[in-house]
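The residues making up each chain are set out below.
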Amino acid sequence: MEGIKFDALARCCKDIGIAMNLWDPEYIEKWLSENAVKVMCENLETKQLRPMWRRKDRPIFDYPWRETGKQIQDE
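What counts, and at which threshold
- Residues numbered from 1 in each chain as written.
- Predicted model: local features only at pLDDT ≥ 70, side-chain atom pairs only at ≥ 80, totals over all residues.
- Heavy atoms only, no water.
- Helix = DSSP H or I, 4+ residues; strand = E, 2+ residues; numbered from the N terminus.
- Rg over C-alpha atoms; globule rule 2.2 N^0.38 Å.
- Buried < 20%, exposed > 50% of the residue type's maximum accessible area, 1.4 Å probe, protein only.
- Contact = heavy atoms within 4.5 Å.
- Areas by Shrake-Rupley, 256 points an atom, 1.4 Å probe, with all protein chains shown as cover.
- Pairing = 2+ DSSP bridges.
- Axes fitted to C-alpha atoms, helices over the stretch in contact; angles between N-to-C directions.
- Salt bridge = Lys/Arg side-chain N within 4 Å of Asp/Glu carboxyl O.

1. Quick notes on the overall build of the chain
In terms of helices and strands, the chain carries two helices and three strands. Relative to a compact globule of 75 residues, whose C-alpha radius of gyration would be 11 Å, the chain shows 16 Å and is clearly more extended. Taking the principal axes of the C-alpha coordinates as reference, the chain spans close to 40 × 30 × 20 Å. Across the 75 residues in the chain, those meeting the buried criterion constitute 19%. Counting only contacts in the chain whose residues sit at least 6 apart along the sequence, the fraction spanning at least 24 positions is 26%. Summing over all exposed atoms, the chain offers an accessible surface of approximately 6400 Å²; the carbon and sulfur share of this is 56%.

2. Some points on unusual backbone geometry
Here the residue pair Tyr-63 and Pro-64 is connected by a cis peptide bond, since its omega of 5 degrees sits within 30 degrees of zero. Considering the arrangement of structural elements, one finds Pro-64 in the loop between strand E2 (49-55) and strand E3 (65-71). Positive phi, normally seen in glycine, also occurs at Lys-47, with a value near 65 degrees. Mapped onto the fold, Lys-47 is located in the loop between strand E1 (36-43) and E2.

3. Focus on the sheet that holds E2
Strand order in this open sheet of three strands is E2-E1-E3, and the pairing throughout is antiparallel. The sheet is open, and its two borders are formed by E2 and E3, each paired with just one other strand. Each strand of the sheet is rotated relative to its neighbour by a mean of 45 degrees, with strand direction disregarded.

4. Things to note about the pattern of salt bridges
Under the defined criterion, the tally for this structure stands at five salt bridges. Across the salt bridge formed by Lys-5 and Glu-2, the nearest N and O atoms sit 3.0 Å from each other. In this pair, Lys-5 and Glu-2 are both assigned in helix H1 (residues 2-16), three residues apart and thus about one turn of the helix distant. Residue classification places Glu-2 among the exposed residues on the basis of a relative accessible area of 59%. Of the charged contacts in the structure, one is a salt bridge between Arg-66 and Glu-42, with a shortest N-O distance of 2.5 Å. One end of the pair, Arg-66, is in strand E3; the other, Glu-42, is in strand E1, and 24 residues separate them in sequence.

Structural data, given as structure tokens:
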């Protein structure tokens, strides 16, 4: 049900021109480079490694994901 509500809200906002920058790849790339870091994280239960984005002003990931300390540079 939550997914349906989100999809409906996103479609309405897109149709009336609200938050169009959320679908703009250039805006997304600029925002990520200024406000976020991409770090490698390990799931403590499954030992799966995955790159994840985190806002610079937020604390490091906690259980069940743990940051490995390695930042990933996108090209």
